[in-house]
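# Results of the structural survey
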Amino acid sequence: MTASDLYARIQAGDKSACDECIRIYTPMVYQLALRILGDEAEAEDVTQETFLNAFKAIDQFEWRSEISTWLYRIAYNAAVGRLRKRRDTSLSVEELAVRTDGQNLPRQLYDWCCLPERDFETARAREQLERAISSLPDNLKSVFVLRILEDLSTRQVAETLDISEDNVKTRLRRARLFLQNELRGVATPD
């Protein structure tokens, strides 16, 4: 069955199609919400909200993107909304290059490819990597999670976040630089 067949069935009110959509897309929606929020219960809530909102607005889906991208967008907005409520602040464009501790991100870019992958296979290093990812500013974290961890294309990330592809690339470079600075010295053996 194609995505368009599933969409047509959902639009026609077929409850089994809704169940099938939930079964197919729940893992990716939940994973995204969990990575953004870092809380299993909130990620479950966002997952439920995502499908409820999607099914309520199914007539507004215009096929300019894939269903998965549309669901990512709904989930992302719900998760970020929860983060903002949690922090009671919002990000501005001026904050793009400022770390959470108020320091400016360095403007020099480094070659990300040279991190020794086998050193990141240890549990300690993975934990430090996860901590560094969670400390990314929200605007950089969302791009990094969607593009690198969820393996969406640059175009899909841009559609999901409603930003340009160039902005996705810029934020991804900044996220990598931020992580490289955070992880400096982590890749050394015990």
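The structure this text deals with has already been given above.
In short, a report on the structure.

### Regarding the packing of aromatic side chains
Summed over all chains, the structure comprises one aromatic pair. Their ring planes at 40° and their centres at 6.1 Å tell us that Phe51 and Phe55 sit as a pair that is tilted. Separated by four residues within a single helix, Phe51 and Phe55 lie in helix 3 (residues 40-56), roughly one turn from each other. Look at Phe55 and you get partly exposed, because its relative accessible area is 21%.

### Looking at the state of the cysteines
Applying the stated rule across the entire model yields zero disulfides. Take Cys21: it sits in no disulfide, and the sulfur closest to it among the cysteines is that of Cys18, at 7.3 Å.

### Observations concerning the packing of helix 6 (residues 138-149) against helix 8 (residues 165-183)
The N-to-C vectors of helix 6 and helix 8 enclose an angle of 100°; their axes lie 8 Å apart at closest approach. By the angle between their directions, the pair helix 6 and helix 8 is classed as roughly perpendicular. On helix 8, the residues that touch Asn139, Leu140, Val143, Phe144, Arg147 and Ile148 of helix 6 are Val168, Arg171, Leu172, Arg174, Ala175, Arg176 and Leu179. Each residue belonging to the contact of helix 6 with helix 8 can be placed in one class, and the counts come to eight nonpolar, one polar and four charged.

### Description of the nonpolar core
By size, the foremost hydrophobic cluster in this structure holds 50 residues, and its most contacted members are Tyr25, Leu32, Leu71 and Leu136. Listed by contribution, the elements that provide at least two residues to this core are helix 1 (3-11), helix 2 (15-37), helix 3, helix 4 (67-87), helix 5 (123-134), helix 6, helix 7 (154-161) and helix 8. At eleven residues, helix 4 tops the list of elements feeding residues into this core. Not counting residues within four places of it along the chain, the set of residues in contact with Leu136 comprises Lys141, Phe144, Ala175, Phe178 and Leu179.

### Description of the pattern of salt bridges
Between side chains of opposite charge, a pair can form as their charged atoms come close. If you walk through the whole model with that rule in mind, you get seven salt bridges. We note a salt bridge from Glu49 to Arg82, for which the minimum N-O separation is 2.4 Å. Of this pair, Glu49 sits in helix 3 while Arg82 sits in helix 4, and the two are 33 residues apart along the sequence. With a closest N to O distance of 3.8 Å, Asp162 and Arg73 form a salt bridge.

Thresholds applied
- Residues numbered from 1 in each chain as written.
- Predicted model: local features only at pLDDT ≥ 70, side-chain atom pairs only at ≥ 80, totals over all residues.
- Heavy atoms only, no water.
- Phe/Tyr/Trp six-rings, centres within 6.5 Å; stacked < 30°, edge-to-face > 60°.
- Helix = DSSP H or I, 4+ residues; strand = E, 2+ residues; numbered from the N terminus.
- Buried < 20%, exposed > 50% of the residue type's maximum accessible area, 1.4 Å probe, protein only.
- Disulfide = S-S within 2.5 Å.
- Axes fitted to C-alpha atoms, helices over the stretch in contact; angles between N-to-C directions.
- Parallel < 35°, antiparallel > 145°, perpendicular 65-115°, else oblique.
- Contact = heavy atoms within 4.5 Å.
- Nonpolar A, V, L, I, M, F, W, Y, C, P; charged D, E, K, R; others polar.
- Core = buried A, V, L, I, M, F, W, Y, C linked by side-chain atoms within 4.5 Å.
- Salt bridge = Lys/Arg side-chain N within 4 Å of Asp/Glu carboxyl O.

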